[in-house]
Amino acid sequence: MQTDFQTIATQAMQFIMPEGILTLFACAALVLDVMLPRDRKRFVAWVSLLGVGLAFASLWILYTSIVSKGTPRTAFFDMIVLDSYAVVFKSIFLIGAALSILLSIKYLEIEGEQRGEYYGLILFSVIGMMFMASSVDLLALFISLELMAVSVYILVGYFRRDKKSNEASMKYFLLGAFSSGVLLYGISMVYGLTGSTNLAKIAAALPIVASANFNPFGAAAPPDMRYLLLMSMILMAAGMFFKVAAVPFHMWAPDAYEGAPTSITAFMSVGVKAASFAMFGRLFLYGLPDLRGSLAGDPASGIPSLPGWALLLGIVSAITIVWGNLGALTQNNTKRLLAYSSISHAGYVLLGLIAGNQTGYTGFVIYLFIYTIMNLGVFGCIIALRRRGIVGDRMEDLNGLMKKAPGLTVMMTIFLLSLGGIPPTAGFIGKFYLFAGLIETGNPWLVRLAILAVLMSVVSLYYYIRFIRAMYIEGETEPQPVTLAPSLRVALVAAAILVIYIGVFPQRLIDLTQKAATSPGLKTYSYQQGATKPAEPATPPPARGMPGERDRQTATPPR
Amino acid sequence: MLAAIILVPLVGAAILGLFGKRMSERVIGWIACSTVAVSTILSFYLFFEHRAALEGGEKLHEYLFTWISVGTFRTDASLLLDSLSAIYILFITFVGFWIHVFATGYMRGDKGYWRFFAYMNLFMFSMLTLVLADNFVLMFVGWEGVGLCSYLLIGYYFTKDFANDAAKKAFIVNRIGDFGFVLGVFLLFSKAGTIFYFNDTARGIHGAFDWAMTQSPDPLTWSAIFGGGITSVAVLLFVGAIGKSAQLPLYVWLPDAMAGPTPVSALIHAATMVTAGVYMVARASSIYIHAPTAMMIVAIIGAATALFAATIGLAQWDIKKVLAYSTISQLGYMFLACGVGAFGAGIFHVFTHAFFKALLFLGSGSVILGMHHEQDMRRMGGLKKYMPITFATMFAGWFAISGFPLFSGFFSKDEILYRSFIANGLPDSWARILWFVGAVTALVTAVYMTRLMVLTFWGRERFSTSEPAPGADSVPGGHEDHPGPPHESPASMVLPLVVLAAGAVFAGYLGVPEGLSGGKITNYFERLLEPSIASLHVMEPGHAQRTPEGTPLETRAEAPARMPEGHGLERTLTGVSILIALAGIGIGWVWFKRKPLWEPPRLLEEKYYVDELYNATVVQPIKVGSTSVLWKVIDVHIIDGAVNGAGHLASMLGSTLRYLQSGLARSYVAIVVLGALLIIGYFVMK
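Residues numbered from 1 in each chain as written. Chains lettered and ligands numbered in written order. Predicted model: local features only at pLDDT ≥ 70, side-chain atom pairs only at ≥ 80, totals over all residues. Heavy atoms only, no water.

Engineer: Describe the overall build of chain B, naming the residues involved and giving the relevant values.
Structural biologist: A count of helices and strands for chain B gives 27 helices and 2 strands. By its C-alpha atoms, chain B is 100 × 70 × 50 Å across when sized along the principal axes. Per-residue burial over chain B gives 59% buried out of 686 residues. Here the analysis covers contacts within chain B between residues at least 6 apart in sequence; of these, 79% occur between residues at least 24 apart. For chain B, the accessible area works out to roughly 25,700 Å², and carbon and sulfur atoms hold 69% of it. (Helix = DSSP H or I, 4+ residues; strand = E, 2+ residues; numbered from the N terminus. Buried < 20%, exposed > 50% of the residue type's maximum accessible area, 1.4 Å probe, protein only. Contact = heavy atoms within 4.5 Å. Areas by Shrake-Rupley, 256 points an atom, 1.4 Å probe, with all protein chains shown as cover.)

Okay, here's the thing in structure tokens:
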């Protein structure tokens, strides 16, 4: 008979090997920083990069030896799960972290802020992200979220002498703490209603709690628990909306993005966002699947049916897409502009959750993957503009770049077109999947949502092409030459090649992400039966409050 | 293996494109020719290796990788070798190789030598992709690839305005056709649910053609075109073929395409690319036989183009222009064959045409070079003593295209005329009209080719040998314009002429019509093609149902039964064809020997004023409309107005946002709370 400790030591530890490696390297980064002389600090960056590489390798070993073999494995008393959903997201974080570190090295030297704790903090936040992707317990999710968030709060304020950076960090922290409170409030209520913090158990308990006639205490007039359930769902959603910067919880984003060191803006805009979406997916797809469609009422006793989270997400994503794109139109600071652009991208990604089918989930994962690469690419190009005396975050700084640095300009163009969703870049593939998922449902409202998203991505082209116009058409406004540091060049070229490669040969990535989208536990929804019915909320059948459009089967491979 | 055939020229193109600038002409020529040679050898090897399988109708798939797979849509990069694509790769690589060899001599001294051969190799890659693809999407990659290479090579002399204009014209006109092609593929996908040609059980894919064979044929009515059924698919695909193969009304780009170097005209605008449309129609034969209306359109357009272009060819002075119109006319023949259900005969004509037309173009190139860049036949004449080999080889080409008995063109053209006379699936009166048009075209063809030969090689020498011909810069290049008498071309140019001349004479014996030999000589070509092409007989009621995969044995047994009276009729018609060819050559000889500089009717010389017509009805209205309506009204007022309005609105919104985005953390919190309350309120009120 093994004790729990023995089980953990012998079996469970291997499931968190990548995180373990990263923890070691994060600590090593902090220690090394003290030992190295001031002009050798960049060594820490290479050590951290090595850590990310090793973590990636161990993740790959885990994937090939365990995950791809069969059912997902849980560990630590069902708090951590290792499935392809987690693996794909973890690889997104690791790629994002590696690119961010490469972008940072030269930038920090120019700013005179090259210190080891910077890389340590990045690694710590990545550890948090990775746990966010693999936790299936509300508490574990929350703790990993906070690990990530606290590290990033510090990183945003990393330039201590810069007022803007301090202000951004403070705002981000205050609002972040507030939103964490909101999220916790929702979590506590869910726990109260279902009696568990484990997502699988919550999902199992939901049908009972969500039933209109749920009457655990035998009261004469049954209390309608559905309102409480919805309340807690909305609070949890609000917390997540804040993290992914969806309207109306996005207010922190432009300020924080503008004030933070550009390399951290890049890291935040992809890593934090992707991790929050990973957690969003876990919470809502694994934990609250039955709250998706409408909650059945009881027409006999006059209890109304209530809308579910698909409607909430639909409205929020519509507003987010419109708001983000319109907000970006008038910005002149490129970092701020990209902050609005990243808000609108959060809206696009939400579409994948709303669609609720294989294509939508694939789009959800694939888009985050692609977005990570292309957005880091754009920020990398902006970092390249930082040179002596020039911050490089104004639109004018791009003027005449084609003459100064044609290679950089071409790569920037690739990233921008990809963000705009123009084929043959990767961004097109991502958007295609997201929109196709919505249209596949056949629900007229969702199709309209897809049309709105397409129209707004046309609008987004306006401000992406503003960059291109500045780079190609405008004349130079200042003579300072632009040179690319080798590490930055490697990161940018790799990202540009990936963006084009995925755009032309998407199949590999699609196969990989489809595995994540078909992870056991992810429930898909088919609209086929409900397609003829008028829009949301679909009319529910009377039995047990199951939404009419539900397909009870867990995910099956599409072909 | 198949992939290697395609990829080797691509590697050559990449090497030449990236490093060619620093290479010597010799090295460039070697690289360019050897890559094509490798493809040629591989093609022949594969053909003979799998000959039995191909004759038996087997389809050899080669799967490379899955390109895109979304929902039910799937595209693979995968190749297909069956007898149809085998024939195509054989003559493409073979003729292509000899044209490459010719070009090493023809382009000597040109500054863009490396660029030229990089494009040529890239073209070979695209063309082979087009032919070997096993689905419509990959075919479209090749289809656009050859279009691009054609554009690049027509505009090869990019410092000259006329070359740029011609390149743009070719590109834009082709775009119109491509639009139809793409729509056709879309429609096919929505009908059949697949863009693959044939079933492949190994990969679990279904083929659109196998789907088509299960459909019942559409009726022969004009309304079927817009019915959204299989006829619409066929017509839309044919629109693509019209563009690529320069048929009425989209033929206008091909004559202008002669602005490119002559080897380009031979390779792209005569032997290979322009026959892609015929290939596509033959490839999709199982769709066409279910769409009789589309077949009829194909036949009518083919016949009309054949006659129309031939008459224009009668009146051109530029030697390459004559050949260009001749190409259009011959392509019309091929479509006529496809339209009457004789896909095999159409492909056979593609095959023989590749030899004799490439030969004629290269011969004209040799003449042009020998004459120090003179293309106007009015300033030629009597060249046969200066360029004996060129003359002899072009002689073979002349007889072949005119349909002189026992030359290759004779067999293929005769087959087409016979098949259009008996055209099954069409009303008899239509069949007779089509045959008559074809026969008249044959006569005109013989006349204008005789004219070309007479004006070039016989008669008085209408050039001066002391100075370079005036206006000789119509083919600018790096050749130094040296004065002197015309001269024979170097060996690298003469050898391909000889090889192709042999082809022009003997290629026809692969497909001697069986009616002609009384079934004694097997029509090997048709036997080979039969399994790859759906035939109309499947559709005929009363006939035994025969799948396109029917074994040759069955068909051989059935062949005599299907046209018992055919041999007599076929021989009669052959006699008529021979008479026509001889008459044409005779008329041409007598007339143009006497009056070489006879002024043809103005209407013909000006090409029926079609370019002017298009200019007046399409180009100018678009220009005027764009300027006065789209630009001055819609763009300035409506779009700019909308944009400015939107900008105004956006900045108004922006200032509202700015008001909200006060920078104060407490106001942010307030908005968050407000937002959450609004959402909760909405959900509770619902």
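Engineer: Go over the overall build of chain A with me, naming the residues and quoting the values.
Structural biologist: Scanning chain A for helices and strands turns up 20 helices and 4 strands. Since a compact globule built from 559 residues should have a radius of gyration of about 24 Å, the 23 Å found for chain A is in line with a globular shape. Its C-alpha atoms put chain A at 80 × 60 × 45 Å along the principal axes. Taking all 559 residues of chain A together, the buried fraction comes to 64%. Relative to all contacts within chain A whose residues are 6 or more apart in sequence, the contacts with residues 24 or more apart total 80%. Taken as a whole, chain A presents about 19,800 Å² of accessible surface, with 68% of it coming from carbon and sulfur. (Rg over C-alpha atoms; globule rule 2.2 N^0.38 Å.)

Engineer: I'd love a proper account of the interface of chain B and chain A, names of residues and values included.
Structural biologist: The interface is formed by 29 residues belonging to chain B together with 38 residues belonging to chain A. A combined buried area of about 3,000 Å² lies between chain B and chain A, and 77% of that area is made up of carbon and sulfur atoms. Applying the counting criterion to the chain B and chain A interface returns 0 salt bridges. Viewed at the interface, chain A and chain B are joined by 2 residue pairs in polar contact (both at pLDDT 80 or more). When grouped by side-chain class, the residues that make up the side of chain B that touches chain A number 20 nonpolar, 8 polar and 1 charged. (Buried area = accessible area lost by both parts, 1.4 Å probe. Salt bridge = Lys/Arg side-chain N within 4 Å of Asp/Glu carboxyl O. Polar contact = N/O pair within 3.5 Å; in protein donor to acceptor, adjacent residues only side chain to side chain. Nonpolar A, V, L, I, M, F, W, Y, C, P; charged D, E, K, R; others polar.)

Engineer: Please give an account of the environment of Gly511(B) that cites residues and values.
Structural biologist: All names here are of chain B. Relative to the helices and strands, Gly 511 is located in the loop between helix 20 (491-506) and helix 21 (514-517). As a C-alpha pair, Gly 511 and Asn 523 span 12 residues in sequence and 4.6 Å in three-dimensional space. Apart from the residues lying within four places of it in its own chain, the contact partners of Gly 511 are Phe 348, Phe 411, Asn 523 and Phe 525.

Engineer: Provide a residue-level description of unusual backbone geometry, including the pertinent values.
Structural biologist: Residue Pro424(A) is reached from Pro423(A) by a cis peptide bond, and omega for that bond is 5°. Mapping Pro424(A) onto the fold places it in the loop between helix 16 (406-420) and helix 17 (426-441). The residue after Leu248(B), namely Pro249(B), is reached through a cis peptide bond having omega -5°. Considering the arrangement of structural elements, one finds Pro249(B) in the loop between helix 9 (230-244) and helix 10 (253-256).

Engineer: So, a nonpolar patch on the surface: which residues are in play, and what are the values?
Structural biologist: On the surface, a nonpolar cluster with roughly 610 Å² of combined accessible area is contributed by Val493(A), Ile497(A), Tyr501(A), Phe505(A), Tyr63(B), Leu64(B) and Phe65(B). Position of Phe505(A) relative to the elements: it lies in the loop between helix 19 (486-504) and helix 20 (507-517). The exposure class of Phe505(A) is partly exposed, given its relative accessible area of 31%. (Patch = residues over 30% accessible without salt bridge, like charges linked within 9 Å, V, L, I, M, F, W, Y side chains within 5 Å.)

Engineer: Tell me about the side chain of His353(B), and please be specific about residues and values.
Structural biologist: Residue and element names in this part refer to chain B. Structurally, His 353 can be placed in helix 16 (residues 343-370). What makes His 353 buried here is its relative accessible area of 0%. Apart from residues no more than four positions distant in its own chain, His 353 is found in contact with Ala 270, Thr 327, Gln 330, Met 334 and Ala 358.

Engineer: A description of the layout of surface pockets should follow, citing residues and the corresponding values.
Structural biologist: Size it by volume and the largest pocket reaches roughly 910 Å³. Lining the largest pocket we find 29 residues, and of these Asp165(B), Lys169(B), Val252(B), Asp256(B) and Asp611(B) sit closest to its centre. Those elements that provide at least two residues to the lining of the largest pocket are helix 7 (161-192), helix 10 and helix 26 (610-660) of chain B. Looking at the lining of the largest pocket, its residues break down into 16 nonpolar, 3 polar and 10 charged. Approximately 640 Å³ is the volume attributed to the second largest pocket. As for the second largest pocket, its lining consists of 25 residues, and the residues nearest its centre are Ile68(B), Phe73(B), Thr75(B), Val137(B) and Phe186(B). Listed by contribution, the elements that provide at least two residues to the lining of the second largest pocket are helix 17 and helix 19 of chain A together with strand 1 (60-70), strand 2 (73-81), helix 6 (136-154) and helix 7 of chain B. Considered class by class, the residues forming the lining of the second largest pocket number 22 nonpolar, 2 polar and 1 charged. (1 Å grid on protein atoms, 1.4 Å probe; cavity = no way out; pocket = protein on both sides within 12 Å on 5 of 7 lines; lining within 4 Å. Points joined across faces, edges and corners; volume = space filled by probe spheres on them.)

Engineer: A description of the packing of aromatic side chains should follow, citing residues and the corresponding values.
Structural biologist: For the coordinates displayed, the defined rule picks out 70 aromatic pairs over all chains. Between Phe348(B) and Phe525(B), the aromatic rings sit 4.8 Å apart at their centres with planes inclined by 45°, giving tilted as the arrangement. On the criterion of sequence distance, the pair formed by Phe348(B) in helix 16 and Phe525(B) in helix 22 (residues 524-529) is long-range, its members being 177 residues apart. Judged by its relative accessible area of 3%, Phe348(B) falls in the buried class. Residue Phe525(B) is classed as buried on the basis of its relative accessible area, which comes to 4%. The side chain of Arg282(A) reaches across the aromatic face of Tyr286(A), ending 4.6 Å from its centre. Here Arg451(B) stacks its cationic end above the ring of Trp317(B), 4.7 Å away from the centre of that ring. (Phe/Tyr/Trp six-rings, centres within 6.5 Å; stacked < 30°, edge-to-face > 60°. Lys NZ or Arg CZ within 6 Å of the ring centre and 35° of its normal.)

Engineer: Now, about the pairing of strand 2 of chain B: what can you tell me, with residues and values included?
Structural biologist: Residue and element names in this part refer to chain B. In terms of burial, strand 2 is largely enclosed, as 7 of its 9 residues are buried. One ladder, built from 9 bridges, connects strand 1 with strand 2; its direction is antiparallel. Each residue of the ladder has a partner; that of His 61, found in strand 2, is Leu 80. Between the end of strand 1 and the start of strand 2, which pair antiparallel, lie 2 residues, with Gly 71 showing a positive phi angle near 55°. (Pairing = 2+ DSSP bridges.)

Engineer: Summarise the pattern of salt bridges; cite the residues concerned and give the values.
Structural biologist: Residue and element names in this part refer to chain A. Taken as a whole, this structure holds 30 salt bridges over all chains when the rule is applied. With a closest N to O distance of 3.3 Å, Glu 117 and Arg 115 form a salt bridge. The exposure class of Glu 117 is partly exposed, given its relative accessible area of 27%. Note that Asp 255 is salt-bridged to Lys 171, the shortest N-O span being 2.8 Å.

Engineer: Could you give me a rundown of the state of the cysteines, with the residues and numbers involved?
Structural biologist: Residue and element names in this part refer to chain B. Taken as a whole and assessed by the stated rule, the structure comprises 0 disulfides over all chains. Free cysteine Cys 33: the closest other cysteine sulfur is in Cys 149, separated by 17 Å. Here Cys 33 falls in the buried class, since its relative accessible area comes to 12%. (Disulfide = S-S within 2.5 Å.)

Engineer: Talk me through the confidence of the model for chain B; I want residue IDs and the actual numbers.
Structural biologist: Residue and element names in this part refer to chain B. With 91% of its residues at a pLDDT of 70 or more, chain B has an overall mean of 84. Segment residues 467-481 is flagged for pLDDT under 50; beyond a separation of four residues in sequence, or across chains, it makes 28 contacts in the model. Counted against residues more than four places away or in other chains, residues 538-564, with its pLDDT under 50, gives 31 contacts. Model confidence for the complex: the whole-complex pTM is 0.73, and ipTM, which rates the interface, is 0.71. (pLDDT = per-residue confidence, 0-100.)

Engineer: Tell me about the side chain of Ser285(B), and name the residues and values.
Structural biologist: Residues and elements named next belong to chain B. Tracing the backbone shows Ser 285 in helix 13 (residues 285-288). From its side chain, Ser 285 meets the backbone oxygen of Ala 282 in a polar contact 2.9 Å long. Beyond its immediate chain neighbours, meaning those up to four positions away, Ser 285 contacts Phe 343, Ile 533 and Ala 534.

Engineer: Just give me the short version of helix 11 (residues 262-271) of chain B, but keep the residues and values in it.
Structural biologist: Residues and elements named next belong to chain B. Extensive coverage of helix 11 is indicated by the burial of 10 of its 10 residues. Among the residues making up helix 11, those that are buried are Thr 262, Pro 263, Val 264, Ser 265, Ala 266, Leu 267, Ile 268, His 269, Ala 270 and Ala 271. Of the surrounding secondary structure, the elements contacted by the buried residues of helix 11 are helix 4 (83-106), helix 5 (113-132), helix 6, helix 10, helix 15 (319-339) and helix 16.

Engineer: Summarise the confidence of the model for chain A; cite the residues concerned and give the values.
Structural biologist: All names here are of chain A. Overall, the prediction assigns chain A a mean pLDDT of 84, with 91% of residues at 70 or greater. Here strand 4 (residues 550-554) is the element of chain A with the lowest mean pLDDT, 38, and helix 6 (residues 138-156) is the one with the highest, 94. Within the model, the stretch residues 528-559 combines pLDDT values under 50 with 59 contacts to residues more than four positions away or in other chains.

Engineer: Can you lay out the packing of helix 4 (residues 84-111) of chain A against helix 5 (residues 116-134) of chain A for me, pointing to particular residues and giving the numbers?
Structural biologist: All names here are of chain A. Two elements in contact, helix 4 and helix 5, have axes separated by 9 Å at closest approach and are oriented at 165°. Taken together, helix 4 and helix 5 sit at an angle that is classed as roughly antiparallel. Here helix 4 runs over helix 5; the crossing is right-handed. Contacts between helix 4 and helix 5 involve Tyr 85, Ala 86, Phe 89, Lys 90, Phe 93, Leu 94, Ala 97, Ile 101, Ser 104, Ile 105 and Leu 108 from the first element and Tyr 118, Tyr 119, Ile 122, Leu 123, Val 126, Met 129, Met 130, Ala 133 and Ser 134 from the second. For the contact of helix 4 with helix 5, the per-class residue count stands at 17 nonpolar, 2 polar and 1 charged. (Axes fitted to C-alpha atoms, helices over the stretch in contact; angles between N-to-C directions. Parallel < 35°, antiparallel > 145°, perpendicular 65-115°, else oblique. Left-handed = near helix turned anticlockwise from the far one by under 90°.)

Engineer: Can you break down the packing of helix 14 (residues 292-313) of chain B against helix 15 of chain B residue by residue, with the values?
Structural biologist: All names here are of chain B. For the pair helix 14 and helix 15, the least separation of the axes is 7 Å and the interaxial angle reads 160°. By the criterion of interaxial angle, the relationship of helix 14 to helix 15 is roughly antiparallel. The way helix 14 lies across helix 15 gives a crossing that is left-handed. Contacts between helix 14 and helix 15 involve Met 295, Val 298, Ala 299, Gly 302, Ala 303, Thr 305, Ala 306, Ala 309, Ala 310, Ile 312 and Gly 313 from the former and Val 322, Tyr 325, Ile 328, Ser 329, Gly 332, Tyr 333, Phe 335, Leu 336, Cys 338 and Gly 339 from the latter. Taken together, the residues of the contact of helix 14 with helix 15 break down into 15 nonpolar, 6 polar and no charged.

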